[in-house]
Amino acid sequence: MKVFLTPLMPFLLFLILPDGTLSSDCPRDCSCSTPESILCFQRRSSTIPQGVPPATKSLYLFANGIEGLSTEDFDGLQNLEMLDLSQNKLTELPDRVFEPLTSLRNLDLSSNQITHISEQCFQGMALLERLYLYSNHIETIHPAAFKGLEHLLELKLQGNQLTSLPTLSMPQLLLLDLRFNVLPTLGPSDLQTPNLESLKLGGVGLTSLNKELIGSLMNLHELDISENQLESFPPVLKETQGLIHLSLAGNPMGPLTVQDLQNLGELQELDISSLSLQGLPEEFPQLFPHLRKLTVAENPFNCLCNIAWFPRWLRAQSITLERTEETRCHFPPINAGKVLERLEHRDFGCPTTTTVTTSTVKTTTTLPVPVTTLPSTTRAIAVPRASDNPTDKDDDYLLPPVPASPSMGPDEEQHLCPSHTCLHGGTCRLDQHGQVECTCPHGTSGMYCEVQNHHPPSPPEAEIPMATVTADAPDISSRQATSTSILLDLHRYIELRPYIRGIRLTYRNLSGPDRRPIQLSLPASYPEYRLRGLKPNSTYTVCASPLGAPSGTDTVCTEARTADEKNVSVTGAQIEDKRLTTMLVPAIAILLLLVVIATAVGVVCYLRRKRAKGHLDLECEPSQLELDGVKTGLDNGALPQKQPQLMISEPAVQNGNLEYEVLLLQDHCTSNKNVSSHKPSYF
């Protein structure tokens, strides 16, 4: 059987190999899966393999250790369309070295050690569509290096050492990747690419985004400006439409507002990681109806009620959250370190609604408890909130109104603690040592106002005596002032202005060096409000105006003074002294009584011993006297009974009349030397 098959082996191999290609047509140390595709991987040779068939269309020579190229290496390869020379050791490209490759469309020279692109490197490559030069050491490119590449669709130059770029006049170019070079001043004259769809400028040192450059790219769909030095949202993006992919990651631009994002509704992928974001606008879901992929990693999120919509929105819209494990909460401490996407709605500490009955309307309205927030930067812009829309019936996105944060003068520096730190409407502030403090509203307590006492924030107006609302009463007044707080009465102010939706409170300390105004916003359902965190023994001016009205419109002011801290401390000391006195007087009285009783017992026993020596007939039983007459009277029988004594007869004593007598106290009064051994156990 073997003799018969041997002459047929060449014929069988010819039939088995595709298109009749014999194994001898494949270069040494290469793999030829098809006659048109050759893979030479890790050949460990410094030259191009010899004997590549002329019909080859794809030649993969990556990671071969190739150190140099010559025109002769590509002779006869007029049909080659794909050449991969990546991950080799090329340091230069000779002029016109690829000229024999007249059909070449894809050239990959990435991950080599090329330092310069000369004028004629790519001459004769009129059909080239993709040129990959990334991850080299390219420092300079000749201005005419890409001349003649009229059909180029993709040019990748990322990861080099470029500090300037030649004018790229490429009418058909669709993708340009310049990331991680040093090109901070790109303008429209640099990129004459009107049909460009994808522009990647991450990490090139941009401090601003040229408006004319982006405006000239009418077909732009993907923009990457991550890892630059953009300190604010680029204004040109507010006017740009048609973007599908956008990356802003790693820029020091601070919070994003609705105005920044409102014209980006066609986005499908968005990367806003590493922007120091503490939250997202509530309108975020409405801004991006087509979003499918989102990256918000490495942001210090405040996982409070105003972002409780986020995990449910991701699930409802089937949005992929990239880098999920790196998207974690930073505040408050109860949620710190937790993965944001995995939190439930109850984990965000959303305040429960309270029912406030108003006597003027005769109806019951359920109003959410306000949450006071502080922005992390002065660049934050107040924006409308979706929860302010009275027609919004979706409870998933209904969040409490956020009062305005304390504001300082425009020319004065702010030192604000992280926003959203305090729960349930607490106000966050920094003390004189820079530590975070939370001023909690009525009905809440705890370091972060996390404990709810289930009390309404203020009594219903119907319960307020009518005498407090008179024609001569001031619109706002104060009472119940302590050393650090003042209770404001706003009943009359609200009653006289039924049209307002909220109150803006502005107060400042007139007694201290820092007289900067602080503002708070309250809903109109708060007829009383306590200002906390005030300085002792200080006079404050407090002004109220309708929320949303221009500054100074319908403003009513009053003055109030906090109590002296010293008086409060003295009063506390006096109370403590009274408590100590109440405890010490009975104790001292009992101690004196015990001393008197002990003295009396000692005197009695002394007299008994003296009488015994004088042969007096004394019927005494000290044990019974001690137990029944003294101890039992003190402790009402609670003390343990003394154990019966073992009485030993004393020897007879002979007197002067030669008569024998027995000591009178033998059976009842023992000698002094035996007293210690018969003491009760309670001594």
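What you are looking at is a predicted structure, and each value in this text was computed from that prediction instead of being measured.

Helix and strand counts for the protein chain stand at 9 helices and 35 strands. The burial tally for the protein chain puts 40% of its 683 residues in the buried class. A sequence separation of at least 24 residues applies to 50% of the contacts in the protein chain between residues at least 6 apart. Carbon and sulfur atoms provide 54% of the accessible area of the protein chain, an area that totals close to 37000 Å².

Attention now moves to the confidence of the model for the protein chain. For the protein chain, per-residue confidence averages 74 on the pLDDT scale, and residues scoring 70 or more make up 67% of the total. This model gives residues 1–23 a pLDDT under 50, and the stretch forms 8 contacts once residues within four places in sequence are excluded. The model gives residues 354–416 a pLDDT under 50, and that stretch makes 121 contacts with residues more than four places away or in other chains.

Grouped together as the largest cluster of nonpolar side chains are 98 residues, with contacts concentrated most on L83, F98, F122, F284, L294 and F310. Looking at this core, the elements that each hand over two or more residues are α3 (211–216), α4 (258–261), α5 (284–287) and α6 (309–317). If one sorts the elements of this core by residue count, α6 sits on top with 4 residues. Not counting residues up to four positions away in its chain, the partners in contact with F310 are L280, L294, V296, L321 and L340. Listed in part, the 21 residues of the second largest apolar core include L490, I494, L505 and Y540.

All chains considered together, the criterion is met by 12 aromatic pairs. Judged by centre distance (5.8 Å) and plane angle (65°), the rings of W309 and W313 are edge-to-face. Taken as a pair, W309 and W313 lie in helix α6 at a separation of 4 residues, close to a single helical turn. With relative accessibility at 1%, the residue W309 sits in the buried group. On the basis of an interplanar angle of 45° and a centroid distance of 6.1 Å, the ring pair of F310 and W313 is categorised as tilted. Of this pair, F310 and W313 both sit in helix α6, 3 residues apart, which is roughly one turn of that helix. Feature note: the residues F284, F288, W309, F310 and W313 constitute an aromatic cluster, connected by ring pairs.

Overall, the coordinates contain 5 disulfides when judged by the stated rule. With a sulfur-sulfur separation of 1.9 Å, C26 is cross-linked through a disulfide to C32. The sign of the 90° torsion about the S-S bond sets the C26-C32 disulfide as right-handed. Judged by its relative accessible area of 31%, C32 is partly exposed.

What follows concerns the side chain of S247. The topology assignment puts S247 in strand β15 (residues 245–247). Here S247 falls in the buried class, since its relative accessible area comes to 11%. Each residue touching S247, except ones within four places of it in the same chain, is listed here: L223, D224, I225, S226 and D271.

This next bit is on empty space enclosed by the protein. Enumeration according to the criterion identifies 6 cavities of 30 Å³ or more in this entry. Approximately 90 Å³ is the volume attributed to the largest cavity. In terms of lining, the largest cavity is formed by 12 residues, of which the most central are C440, P441, H442, Y529 and R530. Counting residues per element, the lining of the largest cavity draws most heavily on strand β31 (residues 528–531), at 3 residues. Among the residues forming the lining of the largest cavity, the class breakdown is 5 nonpolar, 4 polar and 3 charged.

The complete set of buried residues in α6 reads W309, F310, P311, W313 and L314. Contact partners of the buried residues in α6: α5, β17 (293–295) and β19 (320–322). At the C-terminal side of α6, S318 shows a positive phi close to 55°.

Here we take up the sheet that holds strand β30 (residues 518–523). With antiparallel pairing, 4 strands are arranged side by side in an open sheet as β30-β29-β32-β33. Across the chains shown, the open sheet's two edge strands, defined by having one partner strand only, are β30 and β33 (556–561). Averaged over all neighbouring strand pairs, the angle between strand axes comes to 25°, with direction disregarded. The pairing of strand β32 (residues 539–546) with β33 spans 6 bridges and is antiparallel. In the strand pairing of β33, Y540 is matched with A560.

Glancing now at the pairing of β32. Buried residues dominate β32, accounting for 8 of its 8 residues. The alternating pattern of β32 places T539, T541, C543 and S545 and Y540, V542, A544 and P546 on opposite faces, both of which are buried.

The subject of this paragraph is the sheet that holds strand β27 (residues 477–479). The 3 strands are arranged β27-β28-β31 in an open sheet whose pairing can be described as antiparallel. Looking at which strands have only one partner, the edges of the open sheet turn out to be β27 and β31. Each neighbouring strand pair of the sheet contributes to a mean axis angle of 30°, computed without reference to strand direction. Examined bridge by bridge, β27 and strand β28 (residues 486–489) share 3 bridges and lie antiparallel to one another. In the strand pairing of β28, S478 is matched with L488.

Taken together, the side chains of V603, Y606 and L607 make up a nonpolar region of the molecular surface, amounting to roughly 290 Å² of accessible area. Locating V603 in the fold gives a position in helix α8 (residues 565–613).

The next point concerns the environment of L488. For L488, the position within the fold is in strand β28. Distance in space between the C-alpha atoms of L488 and S477 is 5.8 Å, their sequence separation being 11 residues. In contact with L488, not counting residues within four places along its chain, are S477, S478, L505, P527, E528, Y529, L531 and V542.

Attention now goes to the pattern of salt bridges. For the coordinates displayed, the defined rule picks out 16 salt bridges. By sharing partners, the salt bridges in this structure join R105, E129, R130 and E154 into a single network.

Below, the discussion takes up the pairing of β31. Residue alternation in β31 divides its side chains into two sets, E528 and R530 and Y529 and L531, and both sets are buried. When β28 meets β31, the two strands line up antiparallel, connected through 4 bridges. Looking at β31, one finds that L487 is bridged to R530.

Examined against the element boundaries, R532 turns out to sit in the loop between β31 and β32. Each C-alpha atom of the pair R532 and S485 lies 4.4 Å from the other, and the pair is 47 residues apart in sequence. Residues contacting R532, with those up to four places away along its chain left out, are T439, C440, H442, T484 and S485.

This part is about unusual backbone geometry. Residue P332 follows F331 across a cis peptide bond; omega there is -10°. The residue P332 is located in the loop between β20 (329–331) and β21 (354–358) in this model. Phi is positive for S135, which is not a glycine, with a value near 60°. Its location among the elements puts S135 in the loop between β7 (130–132) and β8 (140–141). For S274, which is not glycine, the phi torsion reads 55° and is therefore positive.

About the thresholds
- Residues numbered from 1 in each chain as written.
- Predicted model: local features only at pLDDT ≥ 70, side-chain atom pairs only at ≥ 80, totals over all residues.
- Heavy atoms only, no water.
- Helix = DSSP H or I, 4+ residues; strand = E, 2+ residues; numbered from the N terminus.
- Buried < 20%, exposed > 50% of the residue type's maximum accessible area, 1.4 Å probe, protein only.
- Contact = heavy atoms within 4.5 Å.
- Areas by Shrake-Rupley, 256 points an atom, 1.4 Å probe, with all protein chains shown as cover.
- pLDDT = per-residue confidence, 0-100.
- Core = buried A, V, L, I, M, F, W, Y, C linked by side-chain atoms within 4.5 Å.
- Phe/Tyr/Trp six-rings, centres within 6.5 Å; stacked < 30°, edge-to-face > 60°.
- Disulfide = S-S within 2.5 Å.
- 1 Å grid on protein atoms, 1.4 Å probe; cavity = no way out; pocket = protein on both sides within 12 Å on 5 of 7 lines; lining within 4 Å.
- Points joined across faces, edges and corners; volume = space filled by probe spheres on them.
- Nonpolar A, V, L, I, M, F, W, Y, C, P; charged D, E, K, R; others polar.
- Pairing = 2+ DSSP bridges.
- Axes fitted to C-alpha atoms, helices over the stretch in contact; angles between N-to-C directions.
- Patch = residues over 30% accessible without salt bridge, like charges linked within 9 Å, V, L, I, M, F, W, Y side chains within 5 Å.
- Salt bridge = Lys/Arg side-chain N within 4 Å of Asp/Glu carboxyl O.

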